[in-house]
Amino acid sequence: MSFDLHRPATVTEAIDLAQRFAPTARYVAGGTDTVIQINRKKIDPVHLIDVACLAGMSEITETTEAFTLGALTRYRTIETHSAFRGNLRALVEAASVVGGHQVRNIATIGGNIVNASPAADFVPPLLALDASLDMTGPNGRRSVPLRDFIVGPGKTDLLPAEIVTSIRFAKLPAGSATAFLKEGRRRAMEISVVCVAACLTLDASTSRCASVRLAIGAASPKAFRPEQAESYLIGRSAGKESFAEAGRIAAEASSPISDVRASAGYRRGLVAVMVERALGTCLQRIREQDQ
């Protein structure tokens, strides 16, 4: 394993380096995915461009309407951020199960998104929040919804030399809650067998579903939103019966594989159960807010 390491001072300099050394250059931040891929000989970069210390890309910014997460934000920062302890708790729950403590202290949310693993734990809660990515490249800046950014396993919409700079999502209205659930073969430092995120908003009566967004990981070639399950719940009474049916619809929409962790059938069954449970957790949290 031999490569040249470059440490640019700005995003512009990083992009220039990526263009100069293309196609043998690769951006690296925390390196928790990149180092493993190099060791397993899945990639063989000649130039690594270290973007970990670029200014302004590791901050969490809050406005009256939205949050912006710098792409270099560490999972430990998400895990301990006070603003995510309320109706955005799914972010904390997902961040807290990414690797171990050492990994969460260096791994970045942008790097994990770009890695595009179907089982990435932090992608489903961001999908459930309808997040968008901001990118900068040789042709300037652009934004892409996260649901369109990840194309398939290890594949994204990222253009040559482009770098993800931030992730944005709107704040939730009153009467909303989120939840994240993960199932693995062990409790810690495990790749998901299935993971599910839910974002639920109730109507003024707090009895019916006004808005529902669900996201499922490790049950398809990429994390996805089961839109039929979401649509089914709109206007329906929020409760076990409707949540169970939404889980059944979501399971039918999934296309899991069988591997050493679980069979496709088992994964599909997990999707049904976990969607129901995630929605139930959201409902309980909304009711706790009103107490």
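The structure under discussion appears in the preceding block.
The following paragraphs examine the structure supplied in this document. The shown structure was predicted, so the numbers you read here are calculated from the model rather than taken from an experiment.

1. A word on the pattern of salt bridges
Thought 1: In total, this model carries 16 salt bridges according to the counting rule given.
Thought 2: Among the ionic pairs, K171 bridges to E62, the shortest N-O distance being 2.6 Å. Residue K171 is located in the loop between β10 (163-170) and β11 (176-183), and its partner E62 is located in strand β4 (residues 60-62); the two are separated by 109 residues in the primary sequence.
Thought 3: Overall, K171 belongs to the partly exposed group, its relative accessible area being 28%.
Thought 4: According to the relative accessible area criterion, E62 is partly exposed, its value standing at 45%.

2. Digging into the packing of helix α10 (residues 240-253) against helix α11 (residues 264-289)
Thought 1: Contact geometry of α10 with α11 gives a least axis separation of 7 Å together with a crossing angle of 145°. Judged by the sense of rotation from one axis to the other, the crossing of α10 with α11 is right-handed. Contacts between α10 and α11 involve K240, F243, A244, A246, G247, R248, A250 and A251 from the former and R268, V271, A272, V275, E276, L279, G280 and L283 from the latter.
Thought 2: Classifying every residue of the contact of α10 with α11 by side-chain character gives 10 nonpolar, two polar and four charged.

The rules we used
- Residues numbered from 1 in each chain as written.
- Predicted model: local features only at pLDDT ≥ 70, side-chain atom pairs only at ≥ 80, totals over all residues.
- Heavy atoms only, no water.
- Salt bridge = Lys/Arg side-chain N within 4 Å of Asp/Glu carboxyl O.
- Helix = DSSP H or I, 4+ residues; strand = E, 2+ residues; numbered from the N terminus.
- Buried < 20%, exposed > 50% of the residue type's maximum accessible area, 1.4 Å probe, protein only.
- Axes fitted to C-alpha atoms, helices over the stretch in contact; angles between N-to-C directions.
- Left-handed = near helix turned anticlockwise from the far one by under 90°.
- Contact = heavy atoms within 4.5 Å.
- Nonpolar A, V, L, I, M, F, W, Y, C, P; charged D, E, K, R; others polar.

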